[in-house]
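Listed below are the residues making up each chain.
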Amino acid sequence: MESVVLTGEEARGEAVIEACKQGDRDAFRRLFERHKDRVYSVALYFFGGDEATASDVTQQVFLKLFTRIRQFQGEAEFTTWLYRLTTNLCVDEQRKRRRVQQFGEGFELSEPRGRRAQEESLARSEVAHSVKRAVAALKPKLRVVMLLKYFEEMSYEEIADVLGLSKGTVASRLNRGHKALARKLGHLRGALLREEREG
Amino acid sequence: MFARHYKKHLSAYAHGALAPEEAARVAAHLAACAACRAEFEEVKLGIRLAESLPSVAAPAGLWEGIEAALARESNRERERAPQAKTLFPSRRRALTAAFATVLVALVAGGAWLYLRAQRPGWEVARVEGAPRVASSRIDERGRLRVGEWLETDSASRAEIAVANIGEVEVEPNTRVRLVETRLTEHRLELERGTLHARIWAPPRLFFVNTPSAVAADLGCAYTLEVDDKGRGLLHVTSGYVALETEARESIVPAGAACMTEPGAGPGTPFFEDAPEPFVEALARLDFEHDRASLDAVLAGARVKDTLTLWHLLPRVGVEERARVYERLAALAPPPDGVTREGVIGLDRPMLDAWKTNLEGNWLGESTPAIRRVWRNLWR
């Protein structure tokens, strides 16, 4: 099957999805490459740094995406559809694993392997490392909205659409998430300001 | 003191996710409210921390796993295709029936959840402690839906926004349920505890059920207490409240109070600054049927206590009613057209005409005497 000729970001996105619907494996790969890091990041933080689970969930997300892509009618934004799938799979997986692993205080995030050099520098940052741990300790319903907001840069409306919540509930959960981070990591205010000054 | 804080809106405000007019309200409030400013600083710190979360690259090799799984799935599809035709029809029917059953259950469950979520409700704000709505703790704000209970413990207080017609403060150790909220009727049930209601709607839109009477708002502010045995005390601070059962109604103006008791319904209203012997005698008359107490009530009545005497007229026997009439007429003579015979015969238009004439006397200031009497009698 011929690959799609791409012109412009939007047309390229639509064309890739159309090609995927036709069973084009190259288009599948292209879609995967475009979204894999963000899907993996959401899953990794959702599961408190568990790389194996995050990899497993990421694969499940794309497998489901590819097997169901013919159902995608375009009435929902593709990213909304994708992250609804991602969060649903995270929640499902969490239910399965609840008896094995509890989230919460003291849970240590292992360092991700990808982009080792970049990650090592980030890991050295006290702020980033502490925020990872604090996010991992948030309640799942707060953690999900935080991840969609800060990894996907979604608007309140988009998050509400993905999670099937009201915009007010999204706002409330983000508010609680922000306050929880601030209360837990208030001692990092100075370090954060220093990092911001140093760019 | 602010009527409303904006603590739950601060993240949306920081993210520019509020409508312009709402954002302007939050900005104005932040300029004036130190507590919300402190909370906003906290939210901004949380946002800066969250923004420092690094994105993580997916590990290599994921695609190969996906591709292999896709290939396996394609093979399975090919193998399954001919087998599907050989399934026994009965088994297929059983599978179809099972699927349909599951589907119906899912649809019914989903519909129930949807309808539950769609039930109208009122906003509840935590004032202090940990109030609970439907057995779940609320944070700064929550929603009380029709059928749900709001409960406060000894350290909790909450405030309910009554649709767009008023507000109710809920004191500690209170259990209150939202019974109904619609255009023509808003109704709470107070099982026990204390609430303060301020209503600015037309009369008879807001009601509170208690175990011994219904409080119907007639445009007012009031406090309603119910003890563990279902006995109540209404204290009106402005306007009028009607305390009702099917058999009896007491109209309680500002500065007056009224006790209620299960089985007996609302007692006779009285002004809170009435002497304690008067109030005690009235309570015995109302709830212990102690006819001898009428003497003390008549003897202790002042001009403004015509409120009490007027309410007593239909509640006592004919012989006693004549005595009440005499005392009432001595304190405030009946207007033209209202006769002794008509009042003794409980002529409704005459009773109403006299009430209208008496209402000018019913402007009084409250004192805490009644509270002491009530507690001594019933606590």
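As a reminder, the structure under discussion sits directly above these lines.
Nothing here was measured: the structure is a model prediction, and the numbers come from that model. By convention here, each chain's residues receive numbers from 1 onward along its written sequence. Working convention: letters from A go to chains and numbers from 1 go to ligands, in the order in which they are written. Whole-chain, interface and lining totals are the exception, using all residues; otherwise, since this is a predicted model, local features are given only for residues with pLDDT of at least 70 and side-chain atom pairs are given and counted only at 80 or more. Think of the side-chain values as coming from all heavy atoms in the structure, minus any hydrogens and water.

K.L.:
What should I look at first to understand the overall build of chain B in this one?
P.N.:
Of the regular secondary structure elements, chain B holds twelve helices and 18 strands. Taking all 379 residues of chain B together, the buried fraction comes to 46%. In chain B, the share of contacts with a sequence separation of at least 24, taken over all contacts with a separation of at least 6, comes to 48%. Only DSSP runs of H or I with at least four residues qualify as helices, and only runs of E with at least two residues qualify as strands; both kinds are numbered from the N terminus onward. Exposed residues in this analysis have more than 50% of their type's maximum accessible area, buried residues have under 20%, and partly exposed residues fall in between, with area computed by a 1.4 Å probe over protein chains only. Contacts are assigned to residue pairs with any non-hydrogen atoms lying within 4.5 Å of each other.

K.L.:
Sorry if this is basic, but what is going on with the overall build of chain A here?
P.N.:
Summing up its helical and strand segments, chain A has ten helices and zero strands in all. Reading the helices (α) and strands (β) of chain A from amino to carboxyl end gives α-α-α-α-α-α-α-α-α-α. Expressed as a percentage of its 199 residues, the buried residues of chain A come to 49%. Sequence separation of at least 24 residues holds for 62% of the intrachain contacts in chain A that already meet a minimum separation of 6. Accessible surface for chain A amounts to roughly 9,800 Å². Of this, 46% is attributable to carbon and sulfur atoms. The protein chains shown are the only cover counted for residues, whose accessible areas, like all others here, come from Shrake-Rupley with a 1.4 Å probe.

K.L.:
Just checking my understanding: could you explain the pattern of salt bridges for this structure?
P.N.:
All names here are of chain A. Whenever a carboxyl oxygen of Asp or Glu lies within 4 Å of a side-chain nitrogen of Lys or Arg, that contact is scored as a salt bridge. Per the counting criterion, the structure on display carries 33 salt bridges over all chains. For Glu-18, the salt bridge is made with Lys-21, and the minimal N-O distance between the two is 3.6 Å. Here Glu-18 pairs with Lys-21, and both are found in helix α1 (residues 9-21), just three residues apart, close to one helical turn. In this structure, the salt-bridge partner of Glu-33 is Lys-36, at a minimum N-O distance of 3.7 Å.

K.L.:
What's the story with the interface of chain A and chain B in this structure? I'm lost.
P.N.:
Accessible area lost upon the coming together of the parts serves often as the stated size of an interface. In this assembly, 48 residues from chain A lie in contact with 37 residues from chain B. Here chain A packs against chain B, burying approximately 3,900 Å² in sum over the two surfaces, 68% of which is carbon and sulfur. Between chain A and chain B we count three salt bridges in total. Salt-bridge contacts for Lys-179 of chain A lead to Glu-39 of chain B; the nearest nitrogen and oxygen are separated by 2.4 Å. Taken together, the elements giving at least two residues each to the side of chain A that touches chain B come down to α2 (25-46), α3 (51-68), α5 (116-124), α6 (126-137), α7 (140-151), α9 (167-184) and α10 (189-198) of chain A. Per-element tally for the side of chain A that touches chain B: the top contributor is α9 of chain A, with eleven residues. Two parts placed together each lose some accessible area under a 1.4 Å probe, and the buried area is that loss summed for both.

K.L.:
Looking at this structure, I do not really get the side chain of Glu-244 of chain B. What am I missing?
P.N.:
Residue and element names in this part refer to chain B. In this fold, Glu-244 is placed in strand β14 (residues 240-244). The exposure class of Glu-244 is buried, given its relative accessible area of 17%. Apart from residues lying up to four places away in sequence, Glu-244 is in contact with Arg-204, Ala-213, Val-214, Ala-216, Glu-249 and Pro-266.

K.L.:
Please explain the layout of surface pockets as it appears in this structure.
P.N.:
A probe matching the size of a water molecule, rolled over the atoms, marks out where space remains unfilled. A cavity, in this analysis, means grid points on a 1 Å lattice covering only the protein atoms where a 1.4 Å probe fits yet has no way out; a pocket is instead an open set bounded by protein on both sides within 12 Å along at least five of seven lines, and a residue lines either one if it has an atom within 4 Å of a point. Grid points are joined across faces, edges and corners, and a volume is the space filled by probe spheres set on the points. Its boundaries defined by the atoms lining it, the largest pocket holds a volume of some 1,800 Å³. Around the largest pocket, the lining comprises 44 residues; the ones closest to its centre are Thr-169 and Ser-172 of chain A together with Lys-8, Arg-141 and Gly-142 of chain B. When residues of the lining of the largest pocket are traced back to their parent elements, those giving at least two are α7 and α9 of chain A together with α5 (89-118), β1 (121-128), β3 (136-137) and β4 (141-145) of chain B. Here the lining of the largest pocket is built from residues that sort into 15 nonpolar, ten polar and 19 charged. Residues are grouped as follows: Ala, Val, Leu, Ile, Met, Phe, Trp, Tyr, Cys and Pro are nonpolar; Asp, Glu, Lys and Arg are charged; all remaining types, including Gly, are polar.

K.L.:
For this particular structure, what's the right way to read the packing of aromatic side chains?
P.N.:
Remark: the centre distance and the inter-plane angle together describe each pair of aromatic rings, the angle taken between the planes. Aromatic contacts are taken between Phe, Tyr and Trp rings whose centres are within 6.5 Å, Trp giving its six-membered ring; a plane angle under 30 degrees counts as stacked, one over 60 as edge-to-face, and the others as tilted. Evaluation of the coordinates by the stated rule reveals nine aromatic pairs over all chains. Ring centres of Phe-66 of chain A and Trp-63 of chain B lie 6.1 Å apart, and the angle between their planes is 75°; on these two criteria the pair is classed as edge-to-face. Taken together, the residues span two chains, with Phe-66 of chain A in helix α3 and Trp-63 of chain B in helix α4 (residues 62-86). In this structure, Phe-66 of chain A and Trp-63 of chain B share a single accessibility class: buried.

K.L.:
It is not clear to me how helix α9 (residues 318-331) of chain B should be interpreted in this structure. Could you clarify?
P.N.:
Owing to its 3.6 residues per turn, the α-helix aligns residues three or four sequence positions apart on the same side. All names here are of chain B. Here a helix's expected span is defined as the number of its residues, less one, multiplied by 1.5 Å. For α9, which comprises 14 residues, the first-to-last C-alpha distance of 20 Å matches the rise-based estimate of 20 Å (1.5 Å per residue) to within 8%. Inspection of α9 places Glu-320, Arg-321, Ala-322, Val-324, Tyr-325, Leu-328, Ala-329 and Leu-331 among the buried residues, and these make up the whole buried set. Those residues of α9 that are buried are in contact with α7 (293-300), α8 (306-312), α10 (340-344) and α11 (348-358).

K.L.:
Teacher, can you tell me more about the pairing of strand β12 (residues 221-226) of chain B here?
P.N.:
The side chains of a regular strand alternate between the sheet's two faces. Residue and element names in this part refer to chain B. By the criterion of burial, β12 is predominantly enclosed, with six of the six residues buried. Alternating positions in β12 separate into two faces, Ala-221, Thr-223 and Glu-225 on one and Tyr-222, Leu-224 and Val-226 on the other, with burial throughout. When DSSP finds two or more bridges between a pair of strands, those strands are recorded as paired. Bridging between strand β9 (residues 185-199) and β12 involves six bridges; their strand directions are antiparallel. The partner of His-196 across the bridge, within β12, is Thr-223.

K.L.:
What is the right way to look at the environment of Glu-249 of chain B in this model?
P.N.:
Mapping Glu-249 of chain B onto the fold places it in strand β15 (residues 249-253). In the structure, Glu-249 of chain B is positioned 36 residues away from Ala-213 of chain B in sequence and 9.0 Å away in space, judged by C-alpha atoms.

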